Amino acid sequence: MSSALTDLCRYPIVQAPMAGGASCPLLAAAVSEAGGLGFLAAGYKTADGMYEEVKQLRGLTGRPFGINLFMPQPHYADNAAVEVYRNQLAGEATWYETPLGDPQAGRDDGYEAKLAILLDDPVPVVSFTFGCPTRTVLDAFAHAGTFTVVTVTTPEEAQTAQWSGADAVCVQGIEAGGHQGTHRDDPATDGAGIGLLSLVSQVRETVQIPVIAAGGLMRGGQIAAVLAAGADAAQLGTAFLVCPESGANALHKQAMTNPLFVRTELTRAFSGRPARGLVNRFMREHGPYAPPAYPEVHHLTSGLRKAAAKVGDAQGMALWAGQGHRMARDLPAGRLVEVLAGELDATRASFMPGLGSAS
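It should be emphasised that the depicted structure is a prediction, and the values quoted were computed from it without experimental measurement.

A.B. asks: Lay out the pattern of salt bridges in plain terms, naming residues and giving numbers.
C.D. replies: Applying the stated criterion across every chain, the model contains 16 salt bridges. One salt-bridge network, held together by shared partners, links Glu92, Arg281 and Glu285.

A.B. asks: Before we move on, could you go through the environment of Ala248 and cite the residues and values that matter?
C.D. replies: Looking at the secondary structure, you find Ala248 in the loop between α11 (238–241) and α12 (250–255). In this structure Ala248 comes out as buried when scored by relative accessible area, which is 14%. Between the C-alpha atom of Ala248 and that of Gly195, which follows or precedes it by 53 residues, the distance is 26 Å. Setting aside its immediate chain neighbours within four residues, Ala248 contacts Gly21, Ala22, Leu241 and Lys253.

A.B. asks: Which residues make up the environment of Pro155, and what values go with them?
C.D. replies: As for its placement among the helices and strands, Pro155 is situated in helix α8 (residues 155–164). Taking relative accessible area as the criterion, Pro155 reaches 10% and is therefore assigned buried. Ignoring any residue separated from it by four or fewer positions in sequence, one finds Pro155 in contact with Ile194, Leu199, Gln202, Val203 and Thr206.

A.B. asks: Could you give an account of the sheet that holds strand β5 (residues 147–152), with specific residues and numbers?
C.D. replies: Read from one edge of the open sheet, eight strands run β1-β9-β8-β6-β5-β4-β3-β2, paired in parallel fashion. The sheet terminates laterally at β1 (13–15) and β2 (38–41), the two strands that pair on one side only. With strand direction ignored, the average angle separating the axes of adjacent strands in the sheet is 25 degrees. As paired strands, strand β3 (residues 65–70) and strand β4 (residues 125–129) are joined by five bridges and run parallel to one another. Looking at the pairing, Leu69 lines up with Phe128 of β4. Taken strand by strand, helix α3 (residues 47–60) contacts β2 and β3, and its axis lies near 170 degrees from that of β3. Against the sheet, helix α7 (residues 135–144) contacts β4 and β5, and its axis sits at roughly 165 degrees relative to β4.

A.B. asks: I'd like to hear about helix α2 (residues 25–33), residue by residue, with values.
C.D. replies: Of all nine residues making up α2, seven are buried, and the element is well covered by its neighbours. Restricting attention to buried positions, one finds in α2 the residues Pro25, Leu27, Ala28, Ala29, Ala30, Val31 and Ser32. On the buried face of α2, the contacting elements are β1, β2, α3, β3, α11 and α15 (333–351). Positioned one or two residues after α2, Gly35 has a phi angle of 110 degrees, which is positive.

A.B. asks: Can you break down α8 residue by residue, with the values?
C.D. replies: Among all positions in α8, only Pro155, Glu157, Ala158, Ala161, Gln162 and Ser164 are buried. The positive-phi residue at the C-terminal boundary of α8 is Gly165, with phi of around 105 degrees.

A.B. asks: Please provide a residue-by-residue account of the sheet that holds strand β11 (residues 275–278), values included.
C.D. replies: Hydrogen bonds between backbone atoms are what pair the strands of a sheet, whose relative direction is either parallel or antiparallel. Spatially, three strands are ordered β7-β11-β10 in an open sheet, and the strand pairing comes out antiparallel. Unpaired on one side and paired on the other, β7 (178–179) and β10 (264–267) mark the two borders of the sheet. Pairing of β7 with β11 involves two bridges; the strand directions are antiparallel. Of the residues in β11, the one forming a bridge with Gly178 is Arg276.

A.B. asks: Lay out the nonpolar core in plain terms, naming residues and giving numbers.
C.D. replies: Counting 101 residues, the largest nonpolar core has Phe128 and Phe240 as its most contacted members. The leading source of residues in this core is α15, at six residues. Counting 14 residues, the second largest nonpolar core, distinct from the first, contains Val14, Leu37, Cys170 and Ala233.

A.B. asks: Any chance you could break down the layout of surface pockets for me, citing the residues and the numbers?
C.D. replies: For the second largest pocket, the calculated volume is near 290 Å³. In this structure, the second largest pocket is lined by 19 residues; those nearest its centre are Thr153, Thr182, Thr189, Ala192 and Gly193. Its residues assigned to classes, the lining of the second largest pocket comprises five nonpolar, nine polar and five charged.

A.B. asks: I'd love a proper account of the packing of α3 against helix α6 (residues 111–120), names of residues and values included.
C.D. replies: Any two packed helices are characterised by the angle at which their axes cross and by the distance between the axes. Contact geometry of α3 with α6 gives a least axis separation of 9 Å together with a crossing angle of 30 degrees. In terms of axis orientation, α3 runs roughly parallel to α6. Judged by the twist between their axes, the crossing of α3 over α6 is right-handed. For the pair α3 and α6, contact is made by Ala47, Met50 and Tyr51 and by Ala113, Lys114, Ile117 and Leu118, respectively. Of the residues contributing to the contact of α3 with α6, the split by class is six nonpolar, no polar and one charged.

The rules we used
- Residues numbered from 1 in each chain as written.
- Predicted model: local features only at pLDDT ≥ 70, side-chain atom pairs only at ≥ 80, totals over all residues.
- Heavy atoms only, no water.
- Salt bridge = Lys/Arg side-chain N within 4 Å of Asp/Glu carboxyl O.
- Helix = DSSP H or I, 4+ residues; strand = E, 2+ residues; numbered from the N terminus.
- Buried < 20%, exposed > 50% of the residue type's maximum accessible area, 1.4 Å probe, protein only.
- Contact = heavy atoms within 4.5 Å.
- Pairing = 2+ DSSP bridges.
- Axes fitted to C-alpha atoms, helices over the stretch in contact; angles between N-to-C directions.
- Core = buried A, V, L, I, M, F, W, Y, C linked by side-chain atoms within 4.5 Å.
- 1 Å grid on protein atoms, 1.4 Å probe; cavity = no way out; pocket = protein on both sides within 12 Å on 5 of 7 lines; lining within 4 Å.
- Points joined across faces, edges and corners; volume = space filled by probe spheres on them.
- Nonpolar A, V, L, I, M, F, W, Y, C, P; charged D, E, K, R; others polar.
- Parallel < 35°, antiparallel > 145°, perpendicular 65-115°, else oblique.
- Left-handed = near helix turned anticlockwise from the far one by under 90°.

Put into structure tokens, the structure is as follows:
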């Protein structure tokens, strides 16, 4: 690992920030305590809610950790298309006995307020998704002593992040679960993302800052592969989602290895932005008709997803998952970090006898 990342964690293992509840203080603390880098997700939380979680995490560990912010989104949605989708979802609202949300409920996710808190009371790492902050913002974090990471999905986005002053990039392959962190949501490129190994190699030849690889990683051998391709560390989300410390809904955890859910797809059905999840009824019925409208569609379906979870209906939930979901292991988060590190060492040793350990 680069010296900057070495200072943050013993192993080149980062727990992905999973918005929606999975990334909670207990999970992040367990990962950081075990030698990885735990992350909180500020997305979909108020600024105060984010800060409360930061305080809880600090009470659980003195090790470095990170927090992820969603970038404010430009308004480009076709309101008429959103209204058509609302009408299509009317039957879901009746079925779950819950009203559809207000698509105009806000699009900046409290970004400025969260920045103010994190600059006033700095945390070790801040990462950004759905865009790249301005140089002014990244310079401010540098002055505060915070290590910054920008999620990228192309070499061009990685170059923008480096030019803007980011300390590292999180390179997200098409295999990744949850939302694709593209800087610009272009419907013409749906499904055209780059596989992780190829993307890491391309980005490594484009920028000089550290690279964190993310997308479908579930085993230490895969971590070894992305490190060999040029990454400095690996970020895993789905692998940690099923841990007992994860805040994910029990139905979501069970679905990872449930034979009823055999594959994943990218869909706009739940949020209006491409996101990879387990194919279920809601995705099949509504995915083909969902407009490119984030966060309007997210607000529209939020109540439906919560209602489905409340009644135990996984067919109506957003079951975000990476392509390696069937390889999920129900292990305590700290133990999983140790197992992954051991697998990484074993893989390295098999190819290069005498090579040092993961740390």
